[in-house]
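# Remarks on the overall topology
Each chain, written out:
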Amino acid sequence: MLLLLRRRSGPLPVPVPVLLLLGAGGCLFYRTLVVVRNRLRSGPPPAEEGLMEETRRIISVLESSRRQVWTRRRAVLLTGRHLASDPEVQLYQWVLQQLDYEVQMSRYAETSSFLRANQGVSGWSLLLCLGSSERSCLRRMSLSHLQHHQRVNLLPEVKEAFSDAGGGLCDFYARSHLTESELPMMPHSCGSTNQKLQVGPNGLPPAEAPPPALVAMVNLYVLVTSMNPLTSFLHDISVVKTNEEPRGRATKLRKLLLQQLGPAASHDALQQMKKVVGEVLKAAVSTNQEPPAAYRCVLCYQLLTFTLLFSRTLTPVVIQVDTDLTFSSLSPDAFDRQITRDLVLEDTLRFLLPTNTHLPPGRRGRQDDGCRGTNGVCLSDEDVLLLLQFEGQMKTSSSSASSAFHPLHPSVSSSSSSSSSGPHSVSDLLVGISRFYQRGRRGLATNETARRPAASSSGPCVDPHLRQIYTDPPLSLTPPFSPWIKEYRVEVAFDTVTVRIRPEPVTAGCRVHLDDHQGPRMANYPVGLGNSRISILVTEDAGPEPVVMTIYTVHMYRENRPSLPMFGDHMTCGFMQDCGLRVQPGRSCGLQPSIRSQRPLQACSSGHAPGQWLVPCLSCSDNRTCDWREVAWQPDGCYHPIVDRLRLQDCMRDRKVLFIGDSTNRGMMFFLMERLNSSLVDWGQAHDTLVYRNLNGGRTLAGYSYYPQFWLDRKLRPTFRQALLQLLDRSRPLANSNRTVLMVGGVQWLNTAHLRTIRDVLNRESLGDILVVLKSLGMGFHLPVDGIRSLSLTELRELYRTNHQIITAAKHHGYEAVDTFSITMGRYKEFLQGRCACHFHQVETFGSAGPSHNTMSTTNRSGSNSAGTGLDTQSYVLDKKVGLKAPSYHVSGPVNEVYSEILLSRLCPRT
């Protein structure tokens, strides 16, 4: 409009009434504009104030027409290969529901019952074709015969123009025979590119240049809302990869240029960037040789990714154009790709859909013969609709400093295609609207950086909700994610042993912490069998202490191994290690046929006899055909007798069993206590010293001392000698015979030096003849979990050798040993709750399916249970109490049961 009104100066002679009747196909609207144009040409030059005032009146015509439109708020979402649980699908559903859309979902256009029905022809206003469903949309839907109120996220002309015509040559480039010097674009920019930053020694470019200089590869995200005439917008988020950064990062475009170039040069660089992208888009439009369709999809749009290369100059060159959003340089591990993509998609929907630019149905293509004359051509309904849409988008872009999209074409610098006396085209009117709004935006843009905080800036937590919960692998939450739902449940398969999770807040000023108010914003969680829970805290960290605003909870349940009950013929299969973690590279992995010896087996003479796991299967080549309920540990050539309860109670009468070690050792103690008393009525997760005197009718004592206390400072941490002496002192009097049993061990801290310490302490305390049993090392810390040290495969193999050395040393000292490493190695995926993935037991309320956490006081307890919260405390972090009480408990865990029963068989051997 500004183009029609532009003159040198001077007031308008009379006010000009502006009317718009959409039912006349826009003809009266165009006549009005022609009257305004002729009045300006014949009258004195208007003053700047009058010019702006009259332009506002014309803009108000479009605004008033928008309030009178008809609309149907129904969206069809075609997901293709995307799952309903994918964050992108959930994002579309959430945003559309916020915008009062009814959402119909299907995989493809051909399979959508809604689109196949008669109402599907005109019963929707928005069609979203995601990724793999685009071909289905183009094949099934005729985008040139859509109704005025219908919008699709595809522009076939754009996809065709930037299609790969061969070897990366864009289709429009091939048609136009342009050379590299005529267009700021690499010839082969539409296929897969291997363009890299050309850097020299020390990461510097080969040639030096005076400042300002920028060496970077920048991804720009462009929204094309019309191809002919061309209208496009640039998103303010870019992804930049410089010669000094191995990974790309998402940043505000203006912020990037300001940091790299300074205030003066950054403006010029931004304009050059827009100019380069605009020239490529205009070239694609100008070389489109297809005649415009009689009816085109005016409301359709297309997102593009332009990859630009800056090399010591303010003028970049386009090296890649993708007809989709690409974020390949962003890290997938931190969900940066997904989060940035979702942000751009959400901004696109919010930018396009509020502009309610719909026309009444049944008014397509009508023209008024009175429009034909010397003053210009008649505007069709499609032309008016395009003007309505563009004017609304320009208003959105210019009226708010938080707008994500900024006009790219037409811009202030765009020129009119008409002569001073000839008729003005739709393109001219678009240029006028663009100039009007961009001029009004200049004052707003001056303070934009100050008024619009960056994503990483700290500000008030205005909306303390989550935008999305990102997980790898993707989790199917029940109910589906919504910012207003605070509790979710999810089931994962047996093979899912870790979940990487990153919740993203709605408001940039909010912070997210996992587990507690000081927890990380993103973490790898081990997923133990059965139930586990992840707490997500949305906090405001502006004050001296974080303030928890909202708490989300995800309850997870990991399934057991898929099991096929035995029926008919089956075979026995054996395994020592899983092929996913080959700790012994020279040994076989996975299921192998096993032939049982027909000779009668003898009772094992030690607790560390080598063996393997046996399981009945229909086929040893498919572990899904096995009955995993019947899996059993089988030592080679012998067996470990099961000690029945009566014999155990008799064997343990007047004996004291002292346990020193971490929580895995404590699990064996609880198993012994339950077997002695028929149920576990008293237990605790303390990390100090426990003494139980109420076992076996008061005839058996069990003592426990936690070691090592990782959470304490090294200078304050008790040594193994100190911890052992304290346990002995608390348990006296002690008999210097096998009536006193010392059980030592844990996950991975034990070594041969501890055995020498045991010998020295026992000899000094005149206890050299007591029974010493070593629980050897075990599997754990093998998963890449945040907050604890995880072991590589090489370190695990070294641990296996250390375990063998410990057992050899134990035999040398005359000690018993239970080889828990070999037992846990083949079933390392069957760990239960805990970050270290080393627990193969849990204590649960008797008769329940979930773990219980007791806070009952034991008969005697000493020391302090004030362990810190540092995640490097290994076993400690797995044993937090949650304050539940129950009258009786049960120690569950089949792997723990196996090596605990071996312990009992060594405490009470058959004579």
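Predicted model, so just to flag it, every value in this text is computed and none were measured.

## Describing the overall build of the protein
- Counting its secondary structure elements, the protein contains 21 helices and 33 strands.
- Expressed as a percentage of the 911 residues in the protein, the buried residues total 55%.
- Residue pairs at least 24 apart in sequence account for 74% of intrachain contacts in the protein once pairs closer than 6 positions are excluded.
- Within the structure as shown, the protein displays about 39,100 Å² of accessible surface, and the carbon and sulfur contribution to it stands at 51%.

## Some points on the environment of Leu774
- Here Leu774 is to be found in strand E29 (residues 771-775).
- Here the alpha-carbon distance between Leu774 and Gly607, two residues 167 residues apart in the chain, equals 9.5 Å.
- Excluding anything up to four places from it in sequence, Leu774 contacts Met743, Val744, Leu750, Leu755, Ile758, Ile806, Ala810, Glu816, Ala817 and Val818.

## With respect to the state of the cysteines
- Under the counting rule described, the total for this entry stands at nine disulfides.
- Each sulfur of the disulfide joining Cys129 and Cys137 lies 1.8 Å from the other. For the disulfide bridge between Cys129 and Cys137, the dihedral angle about the S-S bond is near -100 degrees, and by the sign convention the bridge is left-handed. By the burial criterion, Cys129 is buried, and Cys137 matches it.

## Overview of the sheet that holds strand E3 (residues 126-129)
- Read from one edge of the open sheet, four strands run E2-E1-E3-E4, paired in parallel fashion. In this open sheet, the two edge strands, each paired with only one partner strand, are strand E2 (102-106) and strand E4 (151-152).
- Two elements, strand E1 (residues 74-78) and E2, share five bridges in a ladder whose sense is parallel. What sits directly across from Arg74, in E2, is Glu102.
- Set on the sheet, helix H4 (residues 87-98) makes contact with E1, E2 and E3; between it and E1 the angle comes to about 180 degrees.

## A short note on helix H18 (residues 752-764)
- The terminal C-alpha atoms of H18 lie 19 Å apart, and with 13 residues this matches the ideal 18 Å at 1.5 Å per residue to within 8%.
- For H18, the set of buried residues is His754, Leu755, Thr757, Ile758, Val761 and Leu762. Angular distribution of buried residues about the axis of H18 spans 160 degrees; they occupy a single face of the element.
- At the N-terminal end of H18, a side-chain oxygen is found 2.9 Å from the backbone nitrogen of Ala753, two or three residues along, and the residue is Asn751.
- Just downstream of H18, Ser766 is the residue with a positive phi angle, here 60 degrees.

## Overview of the packing of helix H17 (residues 720-731) against H18
- Contact pair H17 / H18: the axes reach a minimum separation of 10 Å and the direction vectors enclose 40 degrees. If you check the angle between H17 and H18, you find them oblique. The crossing of H17 and H18 is right-handed. Within the contact between the two elements, H17 uses Phe720, Arg721, Leu724, Leu725 and Leu728 and H18 uses His754, Thr757, Ile758, Asp760, Val761, Leu762 and Arg764.
- Across the contact of H17 with H18, the residue classes tally to seven nonpolar, two polar and three charged.

## Examining the environment of Thr242
- Following the sequence through the fold, Thr242 ends up in strand E7 (residues 237-242).
- Separated by 68 residues in the primary sequence, Thr242 and Phe310 have C-alpha atoms spaced 9.2 Å apart.

## Brief notes about the side chain of Gln584
- Tracing the chain through its elements places Gln584 in the loop between strand E19 (571-575) and strand E20 (592-593).
- Since its relative accessible area comes to 11%, Gln584 is described here as buried.
- Within the structure, Gln584 has its side chain in polar contact with the side chain of Tyr800 (distance 3.1 Å).
- When neighbours within four sequence positions are excluded, Gln584 is seen to be in contact with Gln577, Tyr800 and Met825.

## Quick notes on the pattern of salt bridges
- Enumeration over the complete set of coordinates arrives at 25 salt bridges.
- A salt bridge links Arg467 to Glu346, with the shortest nitrogen-to-oxygen separation between them at 2.4 Å. Separated by 121 residues along the polypeptide, Arg467 in strand E12 (residues 466-472) and Glu346 in helix H11 (residues 336-352) bring together distant segments of the chain. Neither Arg467 nor Glu346 differs from the other in exposure class; each is buried.
- A salt bridge links Lys829 to Asp495; the nearest nitrogen and oxygen atoms lie 3.4 Å apart. Here the residue Lys829 occupies a position in the loop between helix H20 (820-825) and strand E31 (842-845), and Asp495 occupies one in the loop between strand E13 (487-492) and strand E14 (498-505), the gap between them amounting to 334 residues.
- Here Lys829 falls in the buried class, since its relative accessible area comes to 17%.
- Among the ionic contacts, a cluster of salt bridges with common partners joins Asp729, Arg732, Arg764 and Glu765.

## Topic: the sheet that holds strand E18 (residues 547-558)
- Pairing is mixed in the open sheet, where four strands are placed in the order E13-E18-E17-E15. Single-partner strands in this sheet number two, and they are E13 and strand E15 (511-514). Across the sheet, the mean angle from the axis of one strand to that of its neighbour is 25 degrees, orientation sign disregarded.

## Side note on the nonpolar core
- Formed by 100 residues in total, the largest nonpolar core has its most connected members in Leu742, Ile758 and Leu774.
- Of all hydrophobic cores here, the second largest spans 56 residues; its members include Cys129, Leu234, Leu304 and Val321.

## Considering the confidence of the model for the protein
- Per-residue confidence for the protein averages 79 on the pLDDT scale, and 75% of its residues sit at or above 70.
- Every residue in residues 1-52 scores below 50 in pLDDT, and together they form 127 contacts with partners more than four places removed in sequence or on other chains.

## A short note on empty space enclosed by the protein
- Considering all chains together, one arrives at twelve cavities of 30 Å³ or more under this definition.
- Here the largest cavity is characterised by a volume of approximately 190 Å³.
- Among the elements of the structure, H4, strand E9 (302-311) and H11 are those that each provide at least two residues to the lining of the largest cavity.
- Per-element accounting of the lining of the largest cavity gives the leading share, four residues, to H11.

## Topic: the packing of aromatic side chains
- Taken as a whole and assessed by the stated rule, the structure comprises 17 aromatic pairs.
- An angle of 40 degrees between the planes, with centres 6.0 Å apart, marks the rings of Phe233 and Phe390 as tilted. Within this pair, whereas Phe233 is found in strand E6 (residues 230-235), its partner Phe390 is found in helix H12 (residues 381-399), the two being separated by 157 residues in sequence.
- An aromatic cluster of at least three residues, connected via ring pairs, comprises Phe162, Phe172, Tyr173 and Phe306.
- Geometry around Phe494 places Arg558 over its ring, the cationic atom sitting 4.9 Å from the centre.
- A cation over an aromatic ring shows up here: Arg561 above the ring of Trp628, its NZ or CZ 4.3 Å from the ring centre.

## Here we look at helix H10 (residues 253-286)
- The terminal C-alpha atoms of H10 lie 28 Å apart, and with 34 residues this falls more than 12% below the ideal 50 Å at 1.5 Å per residue.
- Considering bend angle alone, the principal kink of H10 is centred on Gly262 and spans about 125 degrees; proline Pro263 follows within four residues of it.

## What to know about the packing of H18 against helix H19 (residues 793-813)
- Orientation of H18 relative to H19, taken along the N-to-C sense of each, is 20 degrees, at an axis distance of 9 Å. In terms of orientation, H18 and H19 fall into the roughly parallel class. Taken as a pair, H18 and H19 cross one another with a handedness that is right-handed. Residues Thr752, Leu755, Arg756 and Arg759 of H18 lie in contact with H19, whose contacting residues are Gln805, Ile806, Ala809, Ala810 and His813.

## A look at the environment of Leu728
- The topology assignment puts Leu728 in helix H17.
- The sequence separation of Leu728 and Leu767 amounts to 39 residues, and the corresponding C-alpha distance is 9.9 Å.
- Excluding anything up to four places from it in sequence, Leu728 contacts Leu658, Leu734, Val761, Leu762, Glu765 and Leu767.

## Here we look at unusual backbone geometry
- In the segment running from Tyr707 into Pro708, the intervening peptide bond is cis, with an omega of -5 degrees.
- Inspection of the secondary structure assignment puts Pro708 in the loop between strand E27 (700-706) and H17.
- Its identity as a non-glycine residue notwithstanding, Ser678 has a phi of 75 degrees, on the positive side.
- Following the sequence through the fold, Ser678 ends up in the loop between helix H16 (663-677) and strand E26 (689-695).
- Judged by relative accessible area, Ser678 falls into the partly exposed class, the value being 44%.
- Non-glycine residue Ala837 carries a positive phi angle of around 55 degrees.
- Relative to the elements of secondary structure, Ala837 occurs in the loop between H20 and E31.

Calculation criteria
Residues numbered from 1 in each chain as written. Predicted model: local features only at pLDDT ≥ 70, side-chain atom pairs only at ≥ 80, totals over all residues. Heavy atoms only, no water. Helix = DSSP H or I, 4+ residues; strand = E, 2+ residues; numbered from the N terminus. Buried < 20%, exposed > 50% of the residue type's maximum accessible area, 1.4 Å probe, protein only. Contact = heavy atoms within 4.5 Å. Areas by Shrake-Rupley, 256 points an atom, 1.4 Å probe, with all protein chains shown as cover. Disulfide = S-S within 2.5 Å. Pairing = 2+ DSSP bridges. Axes fitted to C-alpha atoms, helices over the stretch in contact; angles between N-to-C directions. Expected span 1.5 Å × (residues − 1). Arc of directions from axis to C-beta. Polar contact = N/O pair within 3.5 Å; in protein donor to acceptor, adjacent residues only side chain to side chain. Parallel < 35°, antiparallel > 145°, perpendicular 65-115°, else oblique. Left-handed = near helix turned anticlockwise from the far one by under 90°. Nonpolar A, V, L, I, M, F, W, Y, C, P; charged D, E, K, R; others polar. Salt bridge = Lys/Arg side-chain N within 4 Å of Asp/Glu carboxyl O. Core = buried A, V, L, I, M, F, W, Y, C linked by side-chain atoms within 4.5 Å. pLDDT = per-residue confidence, 0-100. 1 Å grid on protein atoms, 1.4 Å probe; cavity = no way out; pocket = protein on both sides within 12 Å on 5 of 7 lines; lining within 4 Å. Points joined across faces, edges and corners; volume = space filled by probe spheres on them. Phe/Tyr/Trp six-rings, centres within 6.5 Å; stacked < 30°, edge-to-face > 60°. Lys NZ or Arg CZ within 6 Å of the ring centre and 35° of its normal. Bend = angle between axes of the 7 residues up to and from the residue.

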